[in-house]
Amino acid sequence: MQHLKQLFASQPVKTLSVIVLSKNNGRTIGYTLLSILRAKVPSGYTREVIVVDAKSRDITPEILKLFRNFIKVVHDEGRGIGIARNIGVLASKGEVVCFVDADCVVGKEHFARIVEALEKGADIVDVLGLGTRASTKVEKLEELVWRYGRAYSEEMRESRCFAGGAFIAFKRRVFERVKGFWFYPPYGADDLDFSYRARKAGFRIKVVEVPGTASIYRRNIRELIRQQVGWGKGMAHVIARYRSDPS
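Throughout what follows, the structure given in this document is the object of discussion. From a predicted model like this one, the values you see are computed outputs, not experimental measurements. (Residues numbered from 1 in each chain as written. Predicted model: local features only at pLDDT ≥ 70, side-chain atom pairs only at ≥ 80, totals over all residues. Heavy atoms only, no water.)

Right, let's talk about the overall build of the protein chain for a bit. Helix and strand content of the protein chain: 10 helices and nine strands. Residues classed as buried in the protein chain amount to 50% of the 247 residues present. Across the protein chain, every contact between residues at least 6 apart in sequence was considered, and the portion connecting residues at least 24 apart equals 80%. Carbon and sulfur atoms make up 55% of the accessible area of the protein chain, which totals about 13,300 Å². (Helix = DSSP H or I, 4+ residues; strand = E, 2+ residues; numbered from the N terminus. Buried < 20%, exposed > 50% of the residue type's maximum accessible area, 1.4 Å probe, protein only. Contact = heavy atoms within 4.5 Å. Areas by Shrake-Rupley, 256 points an atom, 1.4 Å probe, with all protein chains shown as cover.)

Our next topic: the pattern of salt bridges. All told, the structure shown has 10 salt bridges when counted by the stated rule. Here Asp-193 and Arg-241 are joined by a salt bridge, their closest N and O atoms 2.8 Å apart. Pair noted here: Asp-193 is in helix α9 (residues 190–200) and Arg-241 is in helix α10 (residues 221–242), with a separation of 48 residues, a long-range link. Residue Asp-193 is classed as buried on the basis of its relative accessible area, which comes to 0%. (Salt bridge = Lys/Arg side-chain N within 4 Å of Asp/Glu carboxyl O.)

Attention now goes to helix α5 (residues 110–119). Within α5, seven of the 10 residues are buried, leaving the element largely enclosed by the surrounding structure. All of the buried residues along α5 are His-110, Phe-111, Ala-112, Ile-114, Val-115, Ala-117 and Leu-118. Following α5 by one or two positions, Gly-121 adopts a phi angle in the positive range, close to 120°.

Glancing now at the packing of aromatic side chains. Here the structure, examined in full by the defined rule, presents seven aromatic pairs. Judged by centre distance (5.9 Å) and plane angle (80°), the ring pair of Phe-99 and Phe-181 falls under edge-to-face. Remark: Phe-181 occurs in the loop between α8 (172–178) and α9 and Phe-99 occurs in strand β4 (residues 96–99); sequence separation between them is 82 residues. Each of the two residues, Phe-99 as well as Phe-181, counts as buried. Relative to Phe-194, the ring of Phe-181 has its centre 4.1 Å away and its plane inclined at 15°; by these criteria the two rings are stacked. On the criterion of sequence distance, the pair formed by Phe-181 in the loop between α8 and α9 and Phe-194 in helix α9 is long-range, its members being 13 residues apart. Ring pairs connect the aromatic residues Phe-99, Phe-170, Phe-175, Phe-181 and Phe-194, which therefore count as one cluster. Just above the ring of Phe-99 sits the side chain of Arg-85; from NZ or CZ to the centre is 4.7 Å. (Phe/Tyr/Trp six-rings, centres within 6.5 Å; stacked < 30°, edge-to-face > 60°. Lys NZ or Arg CZ within 6 Å of the ring centre and 35° of its normal.)

A separate point is the sheet that holds strand β3 (residues 72–75). Strands sit in the order β3-β2-β1-β4-β7-β6-β8 across an open sheet of seven strands; the sheet is mixed. On the outer flanks of this sheet lie β3 and β8 (205–209), each paired with one strand and no other. With strand direction ignored, the average angle separating the axes of adjacent strands in the sheet is 25°. Strand direction decides the pairing type here: β4 and strand β7 (residues 169–171), joined by three bridges, are antiparallel. Note on β7: the bridge partner recorded for Cys-98 is Ala-169. The strands touched by helix α2 (residues 29–38) within the sheet are β1 (14–22) and β2 (45–53), with β2 carrying the most contacts at an inclination of about 170°. (Pairing = 2+ DSSP bridges. Axes fitted to C-alpha atoms, helices over the stretch in contact; angles between N-to-C directions.)

Note: β2 against β3, four bridges, orientation parallel. Looking at β3, one finds that Asp-53 is bridged to His-75. Crossover handedness for the path β2 to helix α3 (residues 60–66) to β3: right-handed. (Right-handed = clockwise from strand over helix to strand, strands pointing away.)

Written out as structure tokens, the structure reads:
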């Protein structure tokens, strides 16, 4: 028995890095962090949680203080999502990197499902998470955006050339090989550019579904429009960049 204990104790433990980007997400980030800390840590891994905060001016700093014994907080200047992602990855040490948006929650098996997919041959994992239960008109509208605007048909799951950023996860060597996320433009679609470049470099993308993993819906139409406009500008940049790409 003592021999077995020594054998298992000698096995190397990998690190899974969970990175949360935050900018004035005081309404939701507490729920996000609680869900991350309650989620199962995959066997053979230890977990670190890093919050990249863009100098939030709402109650976010106070909420982060409540979690100070469980998370590491680093700061950026709010110059762009891609830059913030790079800061988070460079501040981490994990062989596996998992992003979780600060307006999302994860299910109990979220990280276990990601590691399972990576161990089966995927290099990047795109976790499909719908929204929480919609009740208001704005929430129902965003639910339609998530359900029909995220390109998760069976065909697109099988021939995946991109991964969405709300829950994007990947092996660290992917980040190192493609030299991180873009520095410009400062808004969304950095995830699409990153994963597309990774796909062109030969890395494999897998879509997984996890019960309980979801986006927390916007409260009003102004927030929803701001989100979609930012993503749309980034998408236009991606299209312009790769429209002549034969692949």
